[in-house]
Amino acid sequence: MAEIMGVDVGGSGIKAAIVDTDTGEFIKDRKKLDTPRPSKPEAMALVVKELATHFDWHGKIGVGFPTVVKNGICYTAANIHKSWIGANIEGVFGTATGCLVKALNDADAAGMAEMKFGAGKGIDNGVVLVLTLGTGIGSAIFVNGQLLPNLELGHLEMGGKDAEKQASANVKETKKLTWKEWGKRVNDYLKMVENLIYPDLIILGGGVSSRYAKYQQFINIRTRIVPAELMNNAGIIGAALAALE
Ligand code: BGC
């Protein structure tokens, strides 16, 4: 059994748990701390350090990060402080914790977890698209079980604006949209995406996936669609899986 600390860095919170990578279960209960504002590297590193200390953790750490991540480097910063661009995420958190850190895009992490333990379990044929509706919109695509990393479908243009500024879970909250109003926006977004990619299955994740029953009736697309099963824990579990590799 390999135990790894998984961390999910989000726009509002940073969550972590010690994950049994064979089962996807948490060995110790997850802990959530607020994302510092401004969310600069030094401030975020202190929070990740606090999480490692909380779990008395000295082993490997996997980090799901809400940006494009290539070879540990952050390339974008839609919902975190711009000073992250160009920073080495693995270096920043590795120095703070003294642990070996592997970083990847947060939606890629959530997707990996859903494909291994959740709604995509056992699907190793065809095209599966995982979308996470949270502070932003994250996306991950799996072709015959293989991840195409750093797909950025949250920033497609919808009605002249960034799609995630119109259909993320955050927008529902800040604009106080009803389930119907928001559900229709999500539906428009999904229609656009399915016409670009023609996936065989869409897994809808993010915290709101647990409320799928509330807006399911407004979703009317061609593609088979299911809510994610690991809810808010997918990002943590997937980050741990990535650090295993
Ligand atoms: C970022 C993605 C991220 C998503 C969810 C988007 O704004 O560009 O990289 O996966 O938010 O956090």
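Per chain, residues are indexed from 1 in the order of the written sequence. Per-residue local features of the predicted model are confined to residues with pLDDT of at least 70, and side-chain atom pairs are confined, for both listing and counting, to 80 or more; whole-chain, interface and lining totals are unaffected and use all residues. The basis for the side-chain values is all heavy atoms of the structure; hydrogens and waters are excluded.

A. Region of the structure containing the pattern of salt bridges. Every case where a carboxyl oxygen of Asp or Glu lies within 4 Å of a side-chain nitrogen of Lys or Arg is listed as a salt bridge. Across all of its chains, the model carries one salt bridge by this definition. Note that D8 and K15 form a salt bridge whose closest N and O atoms lie 3.5 Å from each other.

B. Examining the environment of I14 more closely. Secondary structure elements are taken from DSSP: a helix is a run of H or I of four residues or more, a strand is a run of E of two residues or more, and numbering for both begins at the N terminus. Structurally, I14 is set in strand β2 (residues 13–20). In the structure, I14 is positioned 194 residues away from V208 in sequence and 17 Å away in space, judged by C-alpha atoms. Other than its neighbours up to four places away in sequence, I14 contacts V7, D8, V9, K31, K32, L33, T35, P36, M44, V47, V48 and L51. Residue contacts are defined here by distance: any two heavy atoms, one from each residue, within 4.5 Å place the two residues in contact.

C. Broad picture of the site of the ligand. Taken together, the residues surrounding the ligand are P66, T67, V68, A78, N79, N105, D106, I137, G138, E152, H155 and E164. N79 places a side-chain nitrogen or oxygen 3.2 Å from an oxygen atom of the ligand. Pairing of N or O atoms within 3.5 Å defines a polar contact, subject to two protein rules: one partner must be a possible hydrogen donor and the other a possible acceptor, and residues neighboring in sequence count only if both atoms are side-chain atoms. Between the ligand and the protein, one listed contact pairs an oxygen atom with a side-chain N or O atom of E164 at 2.7 Å. Per-residue and other accessible areas follow the Shrake-Rupley method at a 1.4 Å probe size, with only the shown protein chains counted as cover for residues. Burial of the ligand by the protein chains amounts to 94% of its free accessible area of 310 Å². Residues are grouped as follows: Ala, Val, Leu, Ile, Met, Phe, Trp, Tyr, Cys and Pro are nonpolar; Asp, Glu, Lys and Arg are charged; every other residue, Gly included, is polar. Per-class residue counts for the shell around the ligand are four nonpolar, five polar and three charged. Residue ranges assigned to the domains are those given by an automatic or database domain assignment. Each of domain 1 (3–108 + 234–244) and domain 2 (123–228) accounts for three or more of the residues forming the shell around the ligand. Near residues are defined by distance, with any heavy atom within 4 Å of the molecule or strand qualifying the residue.

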